[in-house]
Amino acid sequence: MSIQESSDCCVDLTAAPLSEERATALAAVFKALGDPVRLRLLSMIASRAGGEVCVCELTPAFDLSQPTISHHLKLLRQAGLIDCERRGTWVYYWLLPETTDRLAALLTRPAEALA
């Protein structure tokens with residue numbers, strides 16, 4: 001079960017304990033975010049004007065090989081955080097905001113809990 005397929009996608013942590021399946025799906029997403037390179041890549045993609053960025057613009061920002069950057073991007077894709085499309089020889093990436101919105105909803109306490 002992916003984070004997108006969960007029926008309790010917008011339930012926060014204070015509403016009910018996570019099921020084993022939900023916790024496993026969420027752990028995969030948080031694991032993808034737990035690496036500084038992947039977190040920076042996600043930030044670069046998410047903050048890009050126009051909503052997408054070419055891999056050719058991401059790679060120079062790191063002191064890593066292109067295959068290593070591609071591996072990190074693959075893990076972000078597998079976690080459902082980004083998607084991509086090949087255009088000629090280049091691959092363009094964009095954020096999947098529904099996933100980050102679900103993570104934010106999960107971690108946000110309801111307004112009544114903040115009062």
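In this report, the structure presented in the accompanying data block is examined. This one's a predicted model, so the numbers in the text were calculated from it and none came from an experiment.

### Quick notes on the pattern of salt bridges
- Within this structure, the stated rule accounts for four salt bridges.
- We note a salt bridge from R48 to E57, for which the minimum N-O separation is 2.4 Å.
- Residue class for R48 comes out partly exposed when judged on its relative accessible area of 33%.
- Of the charged contacts, one joins R87 and E85 as a salt bridge, the two residues approaching to 2.6 Å between their closest N and O atoms.
- The class of E85 is partly exposed, set by a relative accessible area of 37%.
- Three or more residues joined by partner-sharing salt bridges are found here, namely E52, E85 and R87.

### Focus on helix α2 (residues 36-46)
- Turning to α2, its buried residues are V37, R38, L41, L42 and I45. When α2 is viewed along its axis, its buried side chains cluster within an angular range of 135 degrees and face the same direction.
- Among the structural elements, α1 (20-33), β1 (52-54), α3 (55-58), α4 (66-78), β2 (82-87) and β3 (90-95) are those in contact with the buried residues of α2.
- The residue sitting at the N-terminus of α2 and contributing the capping side-chain oxygen is D35; that oxygen lies 2.8 Å from the backbone nitrogen of V37.

Each value, and the rule that gives it
- Residues numbered from 1 in each chain as written.
- Predicted model: local features only at pLDDT ≥ 70, side-chain atom pairs only at ≥ 80, totals over all residues.
- Heavy atoms only, no water.
- Salt bridge = Lys/Arg side-chain N within 4 Å of Asp/Glu carboxyl O.
- Buried < 20%, exposed > 50% of the residue type's maximum accessible area, 1.4 Å probe, protein only.
- Helix = DSSP H or I, 4+ residues; strand = E, 2+ residues; numbered from the N terminus.
- Arc of directions from axis to C-beta.
- Contact = heavy atoms within 4.5 Å.
- Polar contact = N/O pair within 3.5 Å; in protein donor to acceptor, adjacent residues only side chain to side chain.

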